[in-house]
Amino acid sequence: MDHAHAAREDCRVNIKARPTSYLKRMYFDTLTFDRGMLRFMVDYYGAAHVLLGTDYPYDMADFDPVGSVNGIPKITGAEKELIMGANAAKLLKIRV
């Protein structure tokens, strides 16, 4: 996306910044079913942009979302705290 944005004028008509700069403003949930992908999201977007997700009660839900977060390779306690509630509380303006 960033390459096309830099190389082609028509890819800059509606956005001025690189496309990936907009992605870094977004939030992502943990519903990936892949611990490596979760690690990537924490590394690339930062733990402050990852929130615990389940999709419960649907059949494709993560029935152990806390286990999924605990299973992220090299996850720190601070990252876990953000992902498992602090980020959602901040976004929803809930005092903890």
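Below you will find a few notes about this structure. (Residues numbered from 1 in each chain as written. Predicted model: local features only at pLDDT ≥ 70, side-chain atom pairs only at ≥ 80, totals over all residues. Heavy atoms only, no water.)

1. Considerations on helix α3 (residues 35-45)
Helical geometry note: an α-helix holds 3.6 residues per turn, so side chains three or four residues apart project in the same direction. Every buried residue of α3 is accounted for by L38, R39, M41, V42 and Y45. On an axial view of α3, the arc spanned by its buried residues comes to 165 degrees, and they lie on one face. As for α3, its buried residues are in contact with α2 (19-23), β1 (28-29), β2 (50-51), α4 (65-70) and α5 (77-91). Measuring from the side-chain oxygen of the N-cap residue of α3 to the backbone nitrogen of G36 gives 2.8 Å; that N-cap residue is D34. Just beyond α3, the residue with positive phi is G46, at close to 95 degrees. (Buried < 20%, exposed > 50% of the residue type's maximum accessible area, 1.4 Å probe, protein only. Helix = DSSP H or I, 4+ residues; strand = E, 2+ residues; numbered from the N terminus. Arc of directions from axis to C-beta. Contact = heavy atoms within 4.5 Å. Polar contact = N/O pair within 3.5 Å; in protein donor to acceptor, adjacent residues only side chain to side chain.)

2. Some words on the environment of E79
Relative to the helices and strands, E79 resides in helix α5. Placed 33 residues apart in sequence, E79 and G46 show a C-alpha to C-alpha distance of 8.6 Å. When neighbours within four sequence positions are excluded, E79 is seen to be in contact with R39, V42, A47 and K74. Within the structure, the side chain of E79 is placed 2.9 Å from the backbone nitrogen of T76, a separation counted as a polar contact.

3. Some details on unusual backbone geometry
The peptide bond linking Y56 to P57 adopts the cis configuration, its omega dihedral lying at 15 degrees. Topologically, P57 is positioned in the loop between β2 and α4. The phi torsion at K74 lies on the positive side, around 60 degrees, for a residue other than glycine. Note that K74 resides in the loop between α4 and α5. Under the relative-accessibility criterion, K74 is labelled exposed at 79%. Phi angles above zero are rare outside glycine, and K93 is one such case at about 55 degrees. Examined against the element boundaries, K93 turns out to sit in the segment after α5.

These results come straight from atomic positions and should not be treated as a statement about function.
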